[in-house]
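Architecture at a glance
Chain by chain, the residues run as shown.
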Amino acid sequence: MGECVVRAGTDGATPLLPQLADMRDAARKIALAVAKAAVEDGVAPEATEAELRDAIWATQWTPRYASCQRRPGRRARAGVLMGRPSPSWMTYQLIYTRLYG
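Right, let's walk through the structure included here.

Definitions and limits used
Every chain is numbered independently, its residues counted from 1 as its sequence is written. Totals for whole chains, interfaces and linings use every residue, but because this is a predicted model, local features are given only for residues with pLDDT of at least 70 and side-chain atom pairs only at 80 or more, for both listing and counting. Hydrogens are left out, water is left out, and the side-chain values use all remaining heavy atoms of the structure. Each helix is a run of DSSP H or I of at least 4 residues and each strand a run of E of at least 2, with the numbering of both proceeding from the N terminus. Partly exposed describes any residue whose relative accessible area lies between the buried limit of under 20% and the exposed limit of over 50%, with all areas from a 1.4 Å probe on protein chains only and scaled to the type maximum. By definition, residues are in contact when any of their heavy atoms lie within 4.5 Å. Any carboxyl oxygen of Asp or Glu within 4 Å of a side-chain nitrogen of Lys or Arg constitutes a salt bridge here. With axes taken as lines fitted to C-alpha atoms, and helix axes fitted only over the stretch in contact, angles between N-to-C directions fall between 0 and 180 degrees. Put simply, angles under 35 degrees are roughly parallel, angles over 145 are roughly antiparallel, angles from 65 to 115 are roughly perpendicular, and the rest are oblique. Crossings are classed by handedness, with left-handed meaning an anticlockwise turn of the near helix from the far one by less than a right angle and right-handed meaning a clockwise turn. Any residue that is not Ala, Val, Leu, Ile, Met, Phe, Trp, Tyr, Cys, Pro, Asp, Glu, Lys or Arg is counted as polar, Gly included; the first ten are nonpolar and the last four charged. Definition of nonpolar core: a set of buried residues of the types Ala, Val, Leu, Ile, Met, Phe, Trp, Tyr and Cys, connected through side-chain atoms within 4.5 Å.

Details of the overall build of the protein chain
Regarding its fold elements, the protein chain presents 3 helices and 4 strands. Burial status across the protein chain gives 8% buried among its 101 residues. Nonlocal contacts in the protein chain, meaning residues at least 24 apart in sequence, comprise 27% of its contacts between residues at least 6 apart.

Printed below as a string of structure tokens:
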């Protein structure tokens, strides 16, 4: 499957979004640019770039996932999610293939 790209002039294809591993860094850079523009426009309190960067780092949400483990003695049931039938992996693959070729 192809990567989603945009044409950047004559330089060739450029990815539309950063790699997933770089997404948090990209979000921080965007937040910093927005915060600096807000300060420059006078709609946010005066702050240095370092103060803005520190505030962004301090407030960026970090996901924390609970561990999910099967209880001893209980068998997992394929195709059941929270007591209800769930779509199979093949259903997701079919939808993805139809959407993205």
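Some thoughts on the pattern of salt bridges
By the definition in use, this model includes 4 salt bridges. Two residues, aspartate 25 and arginine 28, come together in a salt bridge whose shortest N-O distance is 3.8 Å. Within this pair, aspartate 25 and its partner arginine 28 are both found in helix α1 (residues 23-41), separated by 3 residues, close to a single helical turn. The class of aspartate 25 is partly exposed, set by a relative accessible area of 33%. Take arginine 28: its relative accessible area is 13%, and that puts it in the buried class. Between lysine 29 and aspartate 25 there is a salt bridge, with the nearest N and O atoms lying 3.5 Å from each other.

Let's talk about the packing of α1 against helix α2 (residues 49-59)
In contact at an axis separation of 10 Å, α1 and α2 are set at 135° when each is read in the N-to-C sense. Between α1 and α2, the angle is such that the two are oblique. Of the two elements, α1 crosses α2, and the hand of that crossing is right-handed. Facing α1, whose interface residues are Arg28, Ala31, Leu32, Ala35, Lys36 and Val39, α2 presents Glu49, Leu52, Arg53, Ile56 and Trp57. Looking at side-chain class alone, the contact of α1 with α2 contains 7 nonpolar, no polar and 4 charged residues.

Section: the nonpolar core
Of all hydrophobic cores here, the largest spans 5 residues; its members are Leu32, Ala35, Val39, Leu52 and Ile56. At the level of elements, α1 and α2 are the ones that each hand at least two residues to this core. Residue contributions to this core peak at 3 residues, all from α1.

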